[in-house]
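The primary structure of each chain is shown beneath.
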Amino acid sequence: MYTKDGEKYFIVDAHIALWDARESNQRNIHGKQFIDCFYDYHRNLSPESEVWPYEDYLYQGGERLMKDLFTDGYVDHAIFQPAYLGEFYKTGFGQTEEAFALTRANPDKLTYNHNFDPRNGEAGLDQLRADAERFGLKGVKLYTAEWHGESRGWKLDDPWAYRYFELCRELGIKNIHIHKGPTIRPLDRDAFDVADVDHVATDFTDLNFIIEHVGLPRLEDFCWIATQEPNVWGGLAVAMPFMHTRPRYFAQILGELLYWIGEDRITFSSDYAIWTPRWLIEQFVDFQIPQDMTEYAPITTQQKKKILGLNAARLYDLDVPTELQLPTADETATGPRQPEAADLVGAK
């Protein structure tokens, strides 16, 4: 929990990872390219005091993760969103066994999501059934630009992908997190395009599609899709650190999201271990839209509380202490905007 100026915030870090990118786990040059690109994001967008040594960045381990998130980082609950990247790393990039062991040891603090790849066909469907039972999955993380043999990406509206979404529905996996954001070397930029989100969100209205990185650099496309599809959410991973390096750009990102989709479908993410949550939370609570950016309304404390944790808590049915909850609609003169009303905020 984070407290500032008498206000208490329930924090859910909705996008974290525990990875091993050490040379011993790199399958080829692409494994080094990938983690080096991550490190460039880290050191170029972080305050100087928050930049890690490169060797520490290759692998954190569970003990450091728990300290960075929960001891130092104000986080109340965090959700693993692992990337596999088996073409680049011998045991995969995200460390399934270590992350899941941490989750079992700390179920009040951690939720483990897993991944699937529809290019694995029938065998992958069987694996998803087994994973759902083993991990108790409420969500999955998808990487549409992941390489798979000769294939360098797939689309959400592929026929095989639909088989997997139908199985997610059957298994009760309702939260579909999808990387639709900046390209990471050597992955292909166009494989992260947001265009296929529209189609699948229309066909699976009972699933939540959380678009991680809010489609950057395709923010406008994402907003036009998400305002029409009430089951599409925006995850702020990668967007958050621009508060430090380009605050007006971050103000534009957040202002557009609040205008188009409203405050109830945006989630906070540190994208650990690219960044640590402490400084992001501190800066976000203090952040305000510059007064000369008059096309955007000021950000309220209630909006910040929703984004920092209450929205993700609702997605994952997390228990929020009574003193950290917001008043219900019955207790306020005007309730929060209902996300099922796919209209423009500015037109209300």
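Residues numbered from 1 in each chain as written. Predicted model: local features only at pLDDT ≥ 70, side-chain atom pairs only at ≥ 80, totals over all residues. Heavy atoms only, no water.

Within soluble globular proteins, side chains that are nonpolar tend to cluster in buried spots. Counting 109 residues, the largest nonpolar core has Trp19, Phe38, Phe93, Phe165, Phe209 and Leu257 as its most contacted members. Element by element, the count of residues in this core is highest for helix α10 (residues 247-260), at seven residues. Counting 14 residues, the second largest nonpolar core, distinct from the first, contains Phe10, Val12, Ile79 and Ala312. (Core = buried A, V, L, I, M, F, W, Y, C linked by side-chain atoms within 4.5 Å. Buried < 20%, exposed > 50% of the residue type's maximum accessible area, 1.4 Å probe, protein only. Helix = DSSP H or I, 4+ residues; strand = E, 2+ residues; numbered from the N terminus.)

Here the focus is the sheet that holds strand β5 (residues 110-112). Here three strands make up an open sheet; going across it, the order is β3-β4-β5 and the pairing parallel. Both edges of this open sheet fall to β3 (12-16) and β5, since each of them pairs with a single strand only. Taken over all neighbouring pairs, the strand axes of this sheet differ in orientation by 20° on average, direction set aside. The pairing of strand β4 (residues 77-80) with β5 spans three bridges and is classified as parallel. Across the sheet, residue phenylalanine 80 finds its bridge partner in β5, namely tyrosine 112. Where helix α3 (residues 62-71) meets the sheet, its contacts fall on β3, β4 and β5, and the angle it forms with β4 comes to roughly 135°. (Pairing = 2+ DSSP bridges. Axes fitted to C-alpha atoms, helices over the stretch in contact; angles between N-to-C directions. Contact = heavy atoms within 4.5 Å.)

What follows deals with helix α7 (residues 195-203). When α7 is considered as a whole, its buried residues turn out to be Asp196, Val197, Val200 and Ala201. In a view along the axis of α7, the buried residues occupy a sector of 130°, so they form one face of it. In this structure, the buried residues of α7 make contact with α6 (159-171), β8 (208-212), α8 (219-228) and β9 (232-235). (Arc of directions from axis to C-beta.)

Attention shifts here to the UniProt feature "domain: Amidohydrolase-related" (unreviewed entry) in the protein. UniProt annotation of "domain: Amidohydrolase-related" (unreviewed entry) refers to residues 12-318 when read in the numbering used here. From the first C-alpha to the last, residues 12-318 spans 9 Å; its make-up is 43% helix and 10% strand. (UniProt positions renumbered as here; feature names shortened; annotations may be inferred.)

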